[in-house]
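# Remarks on the overall topology
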Amino acid sequence: MSWWGSRYYDGFMEGAERAYLGRWRDELLAQAGGDVLEIGAGTGVNLNHYPGSLASLALCEPDEGMVALLRQRLGESDPPVPGRVFEAPGERLPAEDSSIDVVVSTLVLCTVADLDASLAEVHRVLKPGGRLLFMEHVAEHRPVPYAFQRMATPFWKRFAGGCCLDRKSGEVIAAAGFEVTSLDRRPMKGFFDITWPAIVGVAVR
Ligand SMILES: C[S@@+](CC[C@H](N)C(=O)[O-])C[C@H]1O[C@@H](n2cnc3c(N)ncnc32)[C@H](O)[C@@H]1O
């Protein structure tokens, strides 16, 4: 994402955060505990939504502009969060095999350069029985809106830091060797008055 993009990301998302995303984050992250690793942590929006009881929190983010904002937000978090920032993509996570209790991915699987490789990394670092908590916007099931998503993605990607509108992330998570134990499909009222489908759920290694 460009410097411009990282700087204005929070403002761009503000309406959706207030309307529903903030609530979804609270609900999802209440399930986090133990050693937690977040991929694509962005500007650190999730920091205000984690429970106070984590053993550790590794915040991974590959974009330099985002990392600067993430460090700043982590320093200002109140109460302080026991987090460490790593400049790393989902495809190359800074953690040992089977060492993490919970991986968090919110609005990231649409953007990672290599979805299969990122999920393989998530699988690698999670302990057996460890959980992936996800909140992602995904491809439409209905053929006409899906065709629109496919057509719009090459253009949208350019302006939205690589974000793809047409990824079937729920299906790809299941195919990556996880057991999806909950998956709630919700309408995500989005930009330009378009409703994007979103999935919120848990997958177990
Ligand atoms: C739409 S933002 C979401 C930020 C944050 N997770 C949230 O919930 O607001 C997508 C994030 O994914 C990051 N990203 C891009 N490529 C990535 C990759 N290969 N691996 C991990 N994160 C990536 C971007 O830099 C950006 O911070």
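All of these numbers come straight from a predicted model, not from anything done at the bench. (Residues numbered from 1 in each chain as written. Predicted model: local features only at pLDDT ≥ 70, side-chain atom pairs only at ≥ 80, totals over all residues. Heavy atoms only, no water.)

Inspection of the secondary structure puts S118 in helix 3 (residues 115-125). For S118, the residues in contact, after removing those within four places along its chain, are G90, E91 and V112. (Helix = DSSP H or I, 4+ residues; strand = E, 2+ residues; numbered from the N terminus. Contact = heavy atoms within 4.5 Å.)

Take the side chain of S77 next. Within the fold, S77 resides in the loop between helix 2 (64-76) and strand 3 (83-86). Side-chain polar atoms of S77 contact the backbone oxygen of L74, separated by 2.9 Å. (Polar contact = N/O pair within 3.5 Å; in protein donor to acceptor, adjacent residues only side chain to side chain.)

It is worth spelling out the site of the ligand at this point. Around the ligand, a shell composed of 18 residues is seen, among which R25, G40, E61, G90 and T106 lie nearest. E61 places a polar side-chain atom, nitrogen or oxygen, 2.6 Å from an oxygen atom of the ligand. At a separation of 2.9 Å, a nitrogen atom of the ligand approaches a polar side-chain atom of E91. Its free accessible area being 590 Å², the ligand has 92% of it covered by the protein chains. Class assignment for the residues of the shell around the ligand results in 9 nonpolar, 5 polar and 4 charged. (Near = heavy atom within 4 Å. Areas by Shrake-Rupley, 256 points an atom, 1.4 Å probe, with all protein chains shown as cover. Nonpolar A, V, L, I, M, F, W, Y, C, P; charged D, E, K, R; others polar.)

Each aromatic ring pair is specified by the distance between its two centres and by the angle formed by the two planes. All told, the structure shown has 2 aromatic pairs when counted by the stated rule. When the centroid spacing of 4.9 Å and the interplanar angle of 45° are considered together, the rings of Y20 and W24 count as tilted. One end of the pair, Y20, and the other, W24, are both in helix 1 (residues 3-29), 4 residues apart, so they sit about a helical turn from each other. Taken as a pair, Y20 and W24 share a single burial class, namely buried. Ring centres 6.0 Å apart and planes at 35° place the aromatic pair W156 and W196 in the tilted group. Taken together, the positions of W156 in helix 4 (residues 143-159) and W196 in strand 7 (residues 195-204) put the pair 40 residues apart, joining distant regions of the chain. For W156, a relative accessible area of 18% gives the class buried. Sitting over the ring of W24, R186 keeps its end group 5.0 Å from the ring centre. (Phe/Tyr/Trp six-rings, centres within 6.5 Å; stacked < 30°, edge-to-face > 60°. Buried < 20%, exposed > 50% of the residue type's maximum accessible area, 1.4 Å probe, protein only. Lys NZ or Arg CZ within 6 Å of the ring centre and 35° of its normal.)

For R71, the position within the fold is in helix 2. Along the chain, R71 and A117 lie 46 residues apart, while their C-alpha atoms are 26 Å from each other.

Let's shift gears to the nonpolar core. Membership of the largest hydrophobic core comes to 38 residues, with the highest contact counts inside it found for L21, W24, V36, Y50, L57 and L59. At the level of secondary structure, the elements contributing two or more residues to this core comprise helix 1, strand 2 (56-60), helix 2, strand 4 (100-106), strand 5 (126-137), helix 4 and strand 7. Counting residues per element, this core draws most heavily on helix 1, at 8 residues. For L59, the residues in contact, after removing those within four places along its chain, are E38, A41, L47, L70, L74, R84, V85 and F86. Within the second largest apolar cluster, 23 residues are counted, among which are L93, V108, F134 and V138. (Core = buried A, V, L, I, M, F, W, Y, C linked by side-chain atoms within 4.5 Å.)

Here we come to helix 2. In this model, helix 2 (13 residues) spans 19 Å end to end at C-alpha, consistent with the 18 Å of a helix rising 1.5 Å per residue. Among the residues making up helix 2, those that are buried are G65, M66, V67, L70 and L74. One side-chain oxygen of the residue at the start of helix 2 lies 3.1 Å from the amide nitrogen of G65, identifying that residue as D63. (Expected span 1.5 Å × (residues − 1).)

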